[in-house]
Amino acid sequence: MKKILVVQSSARQEGSLSREYANNLVAQLQAKYPGSWVVARDLGAEAVPHLDATLLGAWMKPAEEQTDAEKAASARSDQLIDELLAADIVVIASSMYNFGMTSTLKAWFDHVLRAGRTFKYTEAGPIGLTPDRKVYVVTARGGRYTGSPLDFQAPHVRQLLGFIGITDVEFVNVEGQSMGPEEAAKGRAEADEALAALA
Ligand SMILES: Cc1cc2nc3c(=O)[nH]c(=O)nc-3n(C[C@H](O)[C@H](O)[C@H](O)COP(=O)(O)O)c2cc1C
């Protein structure tokens, strides 16, 4: 039995490859670990707010000095971290937009990378506080970017996770989806193979 957090970030609900493959992966994990339960955080359906002065203000003050608005912003943000920390396995579905992750997924990372909760500063530099856990990142891309210097998505996601202490990260990339039917089919076949290899 595992607690699985699924973070979806495609803006589209229909036809999204990152959703489809992430959902397939979750079904695979549920079959492997019977009785697992899934928490879904759908940033495409309901984006989390960007960091703003209210939330940053809250982070700088002890709870008893926070305004009601700061307390509410802080509680919303805390919930995202609580969901992450409660999960044994995290599946992140990440569409590539403009060479990187979606702004909605970046906003989620801006909440969960929090000094004092998921990482801390030390004299030797910042260290992750998040116990390592399995994270799968399912990317969907119109082109092909694996290994390319233009891939600002996978290395960025890996860096953000590593910063908070999560290094057990595996990627499944659905690539070539805007390169014509043959390339799209090839990209899907490769992703199917990668998923099967994870089973
Ligand atoms: C706003 C936008 C920007 C995109 N930028 C890129 C890009 O920089 N490189 C790329 O290969 N594909 C790009 N695409 C194509 C998507 O990565 C592709 O359609 C992918 O399947 C989207 O993920 P989804 O299927 O989960 O929605 C872009 C699509 C959109 C809507």
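Treat the numbers as computed from the prediction; the structure is a model and nothing was measured.

Basis of the calculations
- Residues numbered from 1 in each chain as written.
- Predicted model: local features only at pLDDT ≥ 70, side-chain atom pairs only at ≥ 80, totals over all residues.
- Heavy atoms only, no water.
- Axes fitted to C-alpha atoms, helices over the stretch in contact; angles between N-to-C directions.
- Helix = DSSP H or I, 4+ residues; strand = E, 2+ residues; numbered from the N terminus.
- Parallel < 35°, antiparallel > 145°, perpendicular 65-115°, else oblique.
- Left-handed = near helix turned anticlockwise from the far one by under 90°.
- Contact = heavy atoms within 4.5 Å.
- Pairing = 2+ DSSP bridges.

(A) Geometry of the packing of helix H1 (residues 17-32) against helix H6 (residues 181-198). Close contact between H1 and H6 brings their axes to 10 Å; oriented N to C, the two are set at 20 degrees. In terms of orientation, H1 lies roughly parallel with respect to H6. Read as a crossing pair, H1 and H6 show a hand that is right-handed. In this structure, H1 uses Leu 17, Glu 20, Tyr 21, Asn 24, Leu 25, Gln 28 and Lys 32 to contact H6, whose residues at the interface are Arg 188, Ala 191, Asp 192, Leu 195 and Leu 198.

(B) Layout of the sheet that holds strand S2 (residues 37-42). An order of S2-S1-S3-S6-S7 is seen for the 5 strands of this open sheet, with the pairing classed as parallel. Unpaired on one side and paired on the other, S2 and strand S7 (169-174) mark the two borders of the sheet. Each neighbouring strand pair of the sheet contributes to a mean axis angle of 15 degrees, computed without reference to strand direction. As defined by bridge partners, strand S1 (residues 3-8) adjoins S2 across 6 bridges and the pair is classed as parallel. Opposite Leu 5, over in S2, you have Val 39 as the bridge partner. On top of the sheet, helix H3 (residues 68-86) reaches S1, S2 and strand S3 (89-95); it is set at about 145 degrees to S2, its chief contact. Each of S1, S2 and S3 touches helix H4 (residues 103-112); the most contacted strand, S3, lies at about 145 degrees to it.

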